[in-house]
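# Architecture and fold: a report
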Amino acid sequence: MNQTSPSHRSTAIDPSNANIIIGTIVAIVGNILISLSYQIQKLVHRANADGKRSYLSFPLWWLGFLLIVVGEVGNFLAYGWAPATLVAPLGAISVVSNCILARIIVKEPLSHRSAAGVTLALLGAAVVAYSAPTSQSEDAAAAS
């Protein structure tokens, strides 16, 4: 097939599109911050298992809260730079980073079943992201 023909449509993301790259990076960082916040707050919950103190009195809990807010704002902003068909599947990164950070921070074991689920989530996200339109205008053209 002639690659210069107008009917040819590349499904790969064009690296020269800075907005898509920025949106992708912001979404990835946002999802990792969200995962980190969950693990930090889980540490506080475990440390306060007896419930003698309010979680609000732990500075570490507030750090976790701040990280989740920053992560979610980052995810929201990522939709302004990159198409939703690319940003939304990147949410699978939070599943992966949750598994990794839970093992490192709270010393939770990673079962074979969880590892298989993480692998499938990554494969699914990669397929959807690879199939995403290369630009916002291409996304609109495909819808019509």
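Scroll up to find the structure this text is about.
Here we summarise the structure given alongside this text. Nothing here was measured: the structure is a model prediction, and the numbers come from that model.

Before going further, it helps to examine the overall build of the protein chain. A count of helical and extended segments in the protein chain gives six helices and zero strands. In the protein chain, the succession of helices and strands from N to C terminus is α-α-α-α-α-α. In the protein chain, which comprises 144 residues, the share counted as buried stands at 32%. The contacts in the protein chain between residues at least 6 apart in sequence include a share of 76% that link residues at least 24 apart. Only carbon and sulfur atoms are counted for the fraction: they give 69% of the accessible area of the protein chain, which is about 8800 Å².

As a further point, take the environment of Ser57. When you line up the elements, Ser57 lands in the loop between α1 (18–47) and α2 (59–81). A distance of 2.6 Å separates the side chain of Ser57 from the backbone oxygen of Ser54, its partner in a polar contact.

Judged by nonpolar contacts, Ile20, Ala27, Ala78, Ala82, Leu86, Val87, Leu90, Ile93 and Ala129 together constitute the single largest core of nine residues. Taken together, the elements giving at least two residues each to this core come down to α1 and α3 (84–87).

Moving on, we get to the pattern of salt bridges. With the rule as written, the count across this model stands at two salt bridges. With a closest N to O distance of 2.7 Å, Glu108 and Lys42 form a salt bridge. With Glu108 in the loop between α4 (92–105) and α5 (112–130) and Lys42 in helix α1, this residue pair connects regions lying 66 residues apart in the sequence. On the basis of relative accessible area, Glu108 is assigned to the partly exposed category, the value being 23%. Residue Glu108 is joined to Arg46 by a salt bridge in which the shortest nitrogen-to-oxygen separation is 3.1 Å. Here Glu108 is found in the loop between α4 and α5, whereas its partner Arg46 is found in helix α1, with 62 residues between them in sequence. The structure contains a network of salt bridges with shared partners spanning Lys42, Arg46 and Glu108.

Thresholds, definitions, all that
Residues numbered from 1 in each chain as written. Predicted model: local features only at pLDDT ≥ 70, side-chain atom pairs only at ≥ 80, totals over all residues. Heavy atoms only, no water. Helix = DSSP H or I, 4+ residues; strand = E, 2+ residues; numbered from the N terminus. Buried < 20%, exposed > 50% of the residue type's maximum accessible area, 1.4 Å probe, protein only. Contact = heavy atoms within 4.5 Å. Areas by Shrake-Rupley, 256 points an atom, 1.4 Å probe, with all protein chains shown as cover. Polar contact = N/O pair within 3.5 Å; in protein donor to acceptor, adjacent residues only side chain to side chain. Core = buried A, V, L, I, M, F, W, Y, C linked by side-chain atoms within 4.5 Å. Salt bridge = Lys/Arg side-chain N within 4 Å of Asp/Glu carboxyl O.

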